[in-house]
Amino acid sequence: MITSMTGFASSEFINGDINIYCEIKSINHRFLDVTIKSHDLPSDVDIFIRDTLSRKVKRGSVDVRFRITQPQKTSYKINKESLENLLDLVASHDGFGSQELSFRDIKDVPGIINTVHKSVVNKKNIKDTFKKAFSDFLVSKDEEGSKIHKVFITKIKKINNNNHSILVNSKSTIEKRNIKFRKKIKEQISNLDKDRLEQEVSLLLLKHDVAEEQERIAFHLSSLEKELKAKVSKGKKIDFILQELFRETSTLSVKLDDPREKSKALNMKLLVEEMREQAQNAE
């Protein structure tokens, strides 16, 4: 089944003054590129998110955003060594006399009092919020992939029908072309012996023979259907098959000279091109 590279989901955790919001969205990219945007995310949580993503997502530019609102626990700590150095300096300096220092005197001196802001958000809550968003994100990718899958099946059926129609009419087309070539050659070349005529006609018919192209088109369509039915379809492989299919339908459209048959071949080429556009979203 095809999985789309595009997806979106969000999740939110609320508990009193604590609010954690996680949003995940992705767009097309040749490789996996993960961006995590949050100023309050612990490094081990960041690693957890990247590892989780890389196990389930193979391609795409994935943007993970967190918005965390929380009360701050603030604590203060006195640097005893710095304070003792300051007191020794004051005591050894005659200009300060014997005046004792108060909190007001030292509160603005750098390095004496350290302020520590501690987060009260539980890491588990952050991970759980991400995991809920990520689960919904994977579902959204599968849903988009299912839509692409349906489009592919419809277009494959149309291409097969056109290819079969050209094949059915190929015998009568070859016979008409045979008569046409013989007539043209006789008109252009006088005193042409029978063997030379057969040789020239055979070469012209071979030039317009499309049997090989039709066989290869059928093979590529079969390969594409097989890949679509695979448990995990690969976007790169699908794109490669479509490139080959586009090449064969292009050659087929050039070789055919009957207007109705050429129109069918051009329609096949258009359908393949439309699938190639859809394949850009396949992971």
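Check the entry above for the structure.
Everything quoted here is computed from the prediction, not taken from an experiment.

Undergrad: Sorry if this is basic, but what is going on with the nonpolar core here?
TA: When a protein is soluble and globular, its nonpolar side chains tend to lie buried together. If you look at the biggest cluster of nonpolar residues, it comprises 24 residues, and the most contacted ones within it are Phe 152, Ile 159, Leu 224, Ile 238, Leu 242, Leu 252 and Met 275. Listed by contribution, the elements that provide at least two residues to this core are α4 (123-168), α7 (211-229), α8 (235-255) and α9 (259-279). If one sorts the elements of this core by residue count, α9 sits on top with six residues. Once residues within four sequence positions are removed from consideration, Phe 152 is found in contact with Leu 224, Leu 228, Ile 238, Leu 242, Met 275, Gln 278 and Ala 279.

Undergrad: Honestly, α4 in this entry has me stumped. Any pointers?
TA: Since the α-helix advances by 3.6 residues per turn, residues separated by three or four positions end up pointing in the same direction. Along its 46 residues, α4 runs 67 Å from first to last C-alpha, staying within 8% of the 68 Å computed at 1.5 Å per residue. Where α4 begins, the side chain of Asn 122 points an oxygen toward the backbone nitrogen of Lys 124, at a separation of 2.7 Å.

Undergrad: For this particular structure, what's the right way to read the pattern of salt bridges?
TA: Close approach of charged atoms lets side chains of opposite charge pair. In total, this model carries 18 salt bridges according to the counting rule given. Between Arg 276 and Glu 273 there is a salt bridge, with its nearest N and O atoms 3.8 Å apart. Taken together, the positions of Arg 276 and Glu 273, both in helix α9 and three residues apart, correspond to about one turn of that helix. With a relative accessible area of 29%, Glu 273 lands in the partly exposed category. Within this structure, Glu 212, Glu 213, Arg 216, Glu 248 and Lys 255 form a network of salt bridges that share partners.

Undergrad: I keep staring at the packing of aromatic side chains and nothing clicks. Help me out?
TA: Each aromatic ring pair is specified by the distance between its two centres and by the angle formed by the two planes. Per the stated rule, a full pass over the model turns up three aromatic pairs. On the basis of an interplanar angle of 15° and a centroid distance of 5.5 Å, the ring pair of Phe 130 and Phe 134 is categorised as stacked. In this pair, Phe 130 and Phe 134 both sit in helix α4, four residues apart, roughly one turn of the helix. Across the pair, Phe 134 and Phe 130 agree in class, each one buried. A connected cluster of aromatic rings, assembled from ring pairs, spans Phe 48, Phe 130, Phe 134 and Phe 137. Here Arg 276 stacks its cationic end above the ring of Phe 246, 5.1 Å away from the centre of that ring.

Undergrad: Please explain the environment of Lys 158 as it appears in this structure.
TA: Mapping Lys 158 onto the fold places it in helix α4. Look at Lys 158 and you get partly exposed, because its relative accessible area is 44%. For Lys 158 and Asn 267, which are 109 residues apart along the polypeptide, the C-alpha to C-alpha distance reads 9.1 Å.

The rules behind the values
- Residues numbered from 1 in each chain as written.
- Predicted model: local features only at pLDDT ≥ 70, side-chain atom pairs only at ≥ 80, totals over all residues.
- Heavy atoms only, no water.
- Core = buried A, V, L, I, M, F, W, Y, C linked by side-chain atoms within 4.5 Å.
- Buried < 20%, exposed > 50% of the residue type's maximum accessible area, 1.4 Å probe, protein only.
- Helix = DSSP H or I, 4+ residues; strand = E, 2+ residues; numbered from the N terminus.
- Contact = heavy atoms within 4.5 Å.
- Expected span 1.5 Å × (residues − 1).
- Polar contact = N/O pair within 3.5 Å; in protein donor to acceptor, adjacent residues only side chain to side chain.
- Salt bridge = Lys/Arg side-chain N within 4 Å of Asp/Glu carboxyl O.
- Phe/Tyr/Trp six-rings, centres within 6.5 Å; stacked < 30°, edge-to-face > 60°.
- Lys NZ or Arg CZ within 6 Å of the ring centre and 35° of its normal.

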